[in-house]
Amino acid sequence: MENGNEYIAILDYGSQYTQLIARRIREKNVLSKIFPCGASAAAVAGPGLKGVILSGGPESVFAEGAPGVDAGIFGLGVPVLGICYGMQLMAKHLGGVVEPGDVREYGRARVETDPGCGLFDGIPPSFTAWASHGDRVAALPPGFSRAASSAGCPAAAMQDASRRLYAIQFHPEVAHTEHGAEIVSNFLSRICGCKGDWRMSGWIDSTVRSLKERIGDSEVVLGLSGGVDSSVAAALLDRAIGPRLHCIFVDNGLLRAGEAEKVAAAFGERFSFDLRVVRAGERFFRALAGKTDPEEKRKAVGREFVSVFSAEAGKLRSCRFLAQGTIYPDVIESSNVAGAASHTIKSHHNVGGLPGDMQFELVEPLRDLFKDEVRAVGRELGLAPEFIDRQPFPGPGLAVRIIGEVTPEKAELLRQADLRVREETGKPGVRDGIWQAFAVLLPVKTVGVMGDRRTYEHVCAVRCVDSSDAMTADWTRLPFDTLAEISRRIANEVPGINRVVYDITSKPPATIEWE
């Protein structure tokens, strides 16, 4: 990140919403940096620090071993905002009382604001907010006054304006909170005095400089899939080191229809770096044989990718670095965010399958960015829309869209069904707004009838979702005519599938991918 910019420091206490806080801040053209909850005030402080946010989290502040906060955070001379757990932690640390609430608040809650709090300037005195807590602040710390209340929480917000300390018991960062963006904006501009002059172009320049400094005269290999993440990572590295970048495209047999050929042709023409295509489908299917557990499949694909990749990269004696298109949601779902105690949801190919004795140093230039920010970087770099606007595709490919054991036959069956889904949802007037549209092959067969003949064939699920960052998603309300055409084409044109179902589950509670 650019060291010269003003920034907001976020202490992460394990909330699944921490990344949304960071994203909301960046949407206001202010740089955000996430630190582990145990970070010292000295670690957080730096040129440009304008404010600190204490995130939510799954713990209770009075529980044994609950994460705390360095007292020096409140003495940095910048505003501090506590959100949910962050409010309770602030209250407890500064002399207030936190206790289990009589009524827990999960979901929408009506908030009534008190006059005189800068967080709520220009906002109606009553609005609906998204809450997720069982504890509450029962007594405010000395010097604090109540700033808002709700039916289940007498102190839904508090402030000590003289010390510029603020806290709220709900989550302004989620879309379900009315005027949440205005609350974040008020904290940034009115309270912290942020100028809002951070731009993606500045991030690109600083990242390119950082890559040049770190890589020096060495060479880099990158696994190029043709997706937006690896494409943008390749473009950044191409700008930083030019011909010293070697891109390896591994055809693992788990790609979408025609993808291997399209990617190899398109990238071979567009960039000047060395592009190597490795056909390794048989190896991946052998590695997946007999495996049905999603985590085992993901890790098997990851291990095999590194093995194939390392063998090819080993031919490049001077290569020191391995570059990946890892982005922030990958890190969030795969491991503890910035060292915080959040729960692992699933392993990702980019971040979960690398062996400890890997002979490369890892370079992940997009690790701090959300998907929409990665797309913005790609546009700034002048990448063609065909790369920037491609739908996300998981690193393990079709392996995590085939429920159960993966075989070449199942992969081809799914590939053909998936092609029909993408063709129909890609038609004018249908594709707009869809984040991902794909097919899933289920491990069950059902009875059908075709031409007066009984069939007993596979079931295919269709999954279409709308999202902006992959952290939350809603199922797409496709036109009935489109659903009917998808079903008709799959059943008629893909031998081996006789039933099509539509997934209408949002994230949460489900993830976008089935595995």
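As the structure is a computational prediction, the values presented were derived from the model and not from experiment.

**Description of the overall build of the protein chain**
Helix and strand counts for the protein chain stand at 15 helices and 18 strands. Taking 24 Å as the expected radius of gyration for a compact globule of 515 residues, we find that the protein chain reaches 25 Å, a close match to that expectation. Considering only C-alpha atoms, the protein chain reaches an extent of 75 × 65 × 45 Å along its principal axes. Counting only residues that meet the buried cut, the protein chain has 58% of its 515 residues in that class. Averaging the coordinates of the 59 positive side-chain charges in the protein chain and doing the same for the 65 negative ones gives two points 2 Å apart.

**Here we look at the nonpolar core**
Counting residues in each nonpolar core, the largest one holds 74 residues, and the members touching the most others are Leu11 and Val52. If one sorts the elements of this core by residue count, helix α6 (residues 228-241) sits on top with nine residues. Residue contacts for Leu11: discarding those within four places in its chain leaves Phe35, Pro36, Cys37, Ala39, Val44, Val52, Ile53, Leu54, Ser55, Val69 and Ile73. Of all hydrophobic cores here, the second largest spans 42 residues; its members include Ile248, Val308, Ala399 and Ile434.

**Regarding the packing of aromatic side chains**
Summed over all chains, the structure comprises five aromatic pairs. Consider the rings of Phe120 and Phe127, whose centres lie 6.2 Å apart with planes at 50°: the pair is tilted. You can call Phe120 buried: its relative accessible area is 6%. Ring geometry for Trp475 and Tyr502: centres 6.2 Å apart, planes at 80°, overall edge-to-face. Here Trp475 is found in strand β17 (residues 474-475), whereas its partner Tyr502 is found in strand β18 (residues 497-502), with 27 residues between them in sequence. Through a chain of ring-to-ring contacts, three or more aromatic side chains come together here, namely Phe120, Phe127 and Phe170. Of note, Arg375 hangs over the ring of Trp435, and the distance from its end group to the ring centre comes to 5.3 Å.

**Some details on the confidence of the model for the protein chain**
A residue-level look at the protein chain finds 93% of positions with pLDDT of 70 or above and a mean pLDDT of 87. Within the protein chain, helix α11 (residues 349-352) has the poorest average pLDDT of any element, 43, and strand β3 (residues 49-54) the best, 97. Note on residues 335-355: pLDDT under 50 across the span, and 65 contacts to partners over four residues away in sequence or across chains.

**So, the packing of helix α5 (residues 200-215) against helix α12 (residues 371-380)**
The geometry of α5 relative to α12 is characterised by a closest axis approach of 10 Å and an angle of 80° between their N-to-C directions. Relative to α12, α5 is oriented roughly perpendicular. Together, Met200, Ser201, Trp203 and Ile204 of α5 and Glu373, Ala376, Val377 and Glu380 of α12 make up the contact between the two elements. Taken together, the residues of the contact of α5 with α12 break down into five nonpolar, one polar and two charged.

**Here's the deal with the pairing of strand β16 (residues 453-466)**
For β16, a buried count of 10 out of 14 residues is recorded, marking the element as mostly surrounded by other parts of the structure. When strand β15 (residues 436-450) meets β16, the two strands line up antiparallel, connected through 12 bridges. The residue of β16 that forms the bridge with Val440 is Ala461. Connecting the antiparallel pair β15 and β16 is a turn made up of two residues, with Gly451 showing a positive phi of about 60°. Pairing geometry for β16 and β18, over five bridges, is parallel. For Cys460, the partnering residue across the bridge sits in β18 and is Val500. Summarising the sheet, β16 and β17 pair through two bridges and their orientation is antiparallel. Note that in β17 the partner of Asp466 across the bridge is Asp474.

What counts, and where the lines are drawn
Position labels on residues start from 1 in each chain and follow its written sequence. Local features are withheld for residues below a pLDDT of 70 in this predicted model, meaning they are given only at 70 or higher, and side-chain atom pairs are given and counted only at 80 or more; totals for whole chains, interfaces and linings count all residues. In computing side-chain values, all of the structure's heavy atoms are included and hydrogens and water are not. Secondary structure follows DSSP: runs of H or I at least 4 residues long count as helices, runs of E at least 2 residues long count as strands, and numbering of each begins at the N terminus. Computation of the radius of gyration draws on C-alpha atoms, with the globule rule given as 2.2 Å multiplied by the number of residues to the power 0.38. Residue burial is assigned from relative accessible area. The probe radius is 1.4 Å, only protein chains are included, and a residue is buried under 20% of its type maximum, exposed over 50%, and partly exposed in between. Two residue types count as positive, namely Lys and Arg, and two as negative, namely Asp and Glu; His and chain ends fall outside the count. Lys charges are placed at NZ, Arg charges at CZ, Asp charges at CG and Glu charges at CD. The set of buried Ala, Val, Leu, Ile, Met, Phe, Trp, Tyr and Cys residues whose side-chain atoms join them within 4.5 Å is what this entry labels a nonpolar core. Two residues form a contact once any of their heavy atoms are found within 4.5 Å. Planes of paired rings set the category: under 30 degrees apart is stacked, over 60 is edge-to-face and the rest tilted, where pairs are Phe, Tyr or Trp rings (Trp by its six-membered ring) whose centres lie within 6.5 Å. Only lysine NZ and arginine CZ atoms are considered, and such an atom sits over a ring when it is within 6 Å of the ring centre and within 35 degrees of the ring normal. Each residue carries a pLDDT score, the predictor's own confidence in it, on a scale running from 0 to 100. Each axis is a line fitted through C-alpha atoms, and for a helix only the stretch in contact is used; angles between axes span 0 to 180 degrees, taken between their N-to-C directions. Note on angle classes: values under 35 degrees are labelled roughly parallel, values over 145 roughly antiparallel, values of 65 to 115 roughly perpendicular, and the remainder oblique. For this classification, Asp, Glu, Lys and Arg are treated as charged, while Ala, Val, Leu, Ile, Met, Phe, Trp, Tyr, Cys and Pro are nonpolar and the rest, including Gly, are polar. Here the rule is simple: two strands pair whenever DSSP picks up at least two bridges between them.

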